[in-house]
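# Understanding the architecture of this molecule
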Amino acid sequence: MNNNWFKIKQIVSLVIFIAVLSAMGMITGRPVMMLAYAGFFLVLSVVIYFTLRRNQRHFEVVSQSRKTVKMIVAAILMILAIILPLLIALNSSIIKLPETMTVGSVVGLMLAVTIVFIALILLTLYMINSKGYNLRNRIIGYLSFIIAAVIPGALMQSVDRTTMGIGSVYYVATAVLILVYNARSLFCNPE
């Protein structure tokens, strides 16, 4: 029964994950894009599932070249996580920036905030997943996650208090979170 319950929880989690990510379609201003995003993330999830299932071999020895590829992919994901908010802020209208800010100040501020956000997420993962056997470490991990979760909304309060503005920043933060988590997983579990 536990195995069935675990599978049910996985399926429900996947459905919720796709539903939440499909809400990113609302950023475009056209509600029909929610269906396009849902279809994209569903196809992506199915491809990942079948790729993992096909390559799952617990008895294989992982070659050094495969470890190197994982490290390179982890580095690319981390670099993308660092520059993604900056690219979105400068090249789209998803994140509204004040007209008084220069490009240099936007770059500096966005990079600094993104690095602090990533550091807090990595601290959270380390304190909860790696050092979580101690209650104090779990508390530190959860507090760092709460601080990381507050940062995007707190920054947008002075710029754009609309639901669309704050929601857009949290979608970008979610994308950064997913990239960081996957990069850390690849780096910490190279086999």
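In this report, we go over the structure that sits alongside the text. (Residues numbered from 1 in each chain as written. Predicted model: local features only at pLDDT ≥ 70, side-chain atom pairs only at ≥ 80, totals over all residues. Heavy atoms only, no water.)

Before going further, it helps to spend a moment on the overall build of the protein chain. Helix and strand counts for the protein chain stand at 6 helices and 0 strands. Counted from the first residue to the last, the protein chain has its helices and strands arranged as α-α-α-α-α-α. Sorting the 191 residues of the protein chain into buried and exposed places 27% on the buried side. Partitioning the contacts of the protein chain with sequence separation of at least 6, the portion at a separation of at least 24 is 63%. Surface exposure of the protein chain reaches about 12800 Å², of which carbon and sulfur atoms provide 71%. (Helix = DSSP H or I, 4+ residues; strand = E, 2+ residues; numbered from the N terminus. Buried < 20%, exposed > 50% of the residue type's maximum accessible area, 1.4 Å probe, protein only. Contact = heavy atoms within 4.5 Å. Areas by Shrake-Rupley, 256 points an atom, 1.4 Å probe, with all protein chains shown as cover.)

Attention shifts here to the packing of helix H4 (residues 103–130) against helix H5 (residues 135–157). In contact at an axis separation of 8 Å, H4 and H5 are set at 155° when each is read in the N-to-C sense. What the angle tells us is that H4 and H5 run roughly antiparallel. As H4 runs across H5, the sense of the crossing is left-handed. Residues Val113, Val116, Phe117, Leu120, Ile121, Leu123, Thr124, Met127 and Ile128 of H4 pack against Asn137, Arg138, Ile140, Gly141, Tyr142, Ser144, Phe145, Ile147, Ala148, Ile151, Pro152 and Leu155 of H5. In terms of residue class, the contact of H4 with H5 is made up of 16 nonpolar, 4 polar and 1 charged. (Axes fitted to C-alpha atoms, helices over the stretch in contact; angles between N-to-C directions. Parallel < 35°, antiparallel > 145°, perpendicular 65-115°, else oblique. Left-handed = near helix turned anticlockwise from the far one by under 90°. Nonpolar A, V, L, I, M, F, W, Y, C, P; charged D, E, K, R; others polar.)

Moving on, we come to the nonpolar core. Looking at soluble globular proteins, one finds that nonpolar side chains tend to be buried together. By size, the foremost hydrophobic cluster in this structure holds 26 residues, and its most contacted members are Ala81, Ile95, Phe117, Ile118, Ile121, Val176 and Val180. Taken together, the elements giving at least two residues each to this core come down to helix H3 (64–91), H4, H5 and helix H6 (163–188). Here this core takes 8 residues from H6, the largest share from any one element. Not counting chain neighbours up to four residues away, the residues in contact with Phe117 comprise Ala148, Pro152, Ala173, Val176 and Leu177. (Core = buried A, V, L, I, M, F, W, Y, C linked by side-chain atoms within 4.5 Å.)

In this fold, Arg184 is placed in helix H6. Within the structure, the side chain of Arg184 is placed 3.4 Å from the side chain of Ser130, a separation counted as a polar contact. Apart from residues lying up to four places away in sequence, Arg184 is in contact with Leu122, Leu125, Tyr126, Ser130 and Asn189. (Polar contact = N/O pair within 3.5 Å; in protein donor to acceptor, adjacent residues only side chain to side chain.)

Attention shifts here to a nonpolar patch on the surface. Nonpolar side chains collect at one region of the surface, where Trp5, Ile8, Val12, Ile16 and Val20 lie side by side and expose about 480 Å² of accessible area between them. Looking at the element boundaries, Trp5 is found in helix H1 (residues 2–22). (Patch = residues over 30% accessible without salt bridge, like charges linked within 9 Å, V, L, I, M, F, W, Y side chains within 5 Å. Salt bridge = Lys/Arg side-chain N within 4 Å of Asp/Glu carboxyl O.)

This brings us to H6. Each turn of an α-helix holds 3.6 residues, which means side chains three or four residues apart point in the same direction. In a regular helix each residue adds 1.5 Å, so 26 residues correspond to 38 Å; H6 covers 37 Å between its end C-alpha atoms and thus fits that length. When H6 is considered as a whole, its buried residues turn out to be Gly165, Ile166, Ser168, Val169, Tyr171, Val172, Ala173, Val176, Leu179, Val180, Ala183 and Arg184. (Expected span 1.5 Å × (residues − 1).)

Taken N-terminus to C-terminus, the directions of H5 and H6 make an angle of 145°; their axes are 9 Å apart at the nearest point. Here H5 runs over H6; the crossing is right-handed. Along its contact with H5, which presents Ala149, Val150, Pro152, Gly153, Met156 and Gln157, the element H6 presents Gly165, Ile166, Val169, Tyr170 and Ala173.

Once that is clear, we can look at the environment of Leu42. One can find Leu42 in helix H2 (residues 33–55). Taking C-alpha positions, Leu42 is 9.0 Å from Leu14, a pair spaced 28 residues apart along the chain.

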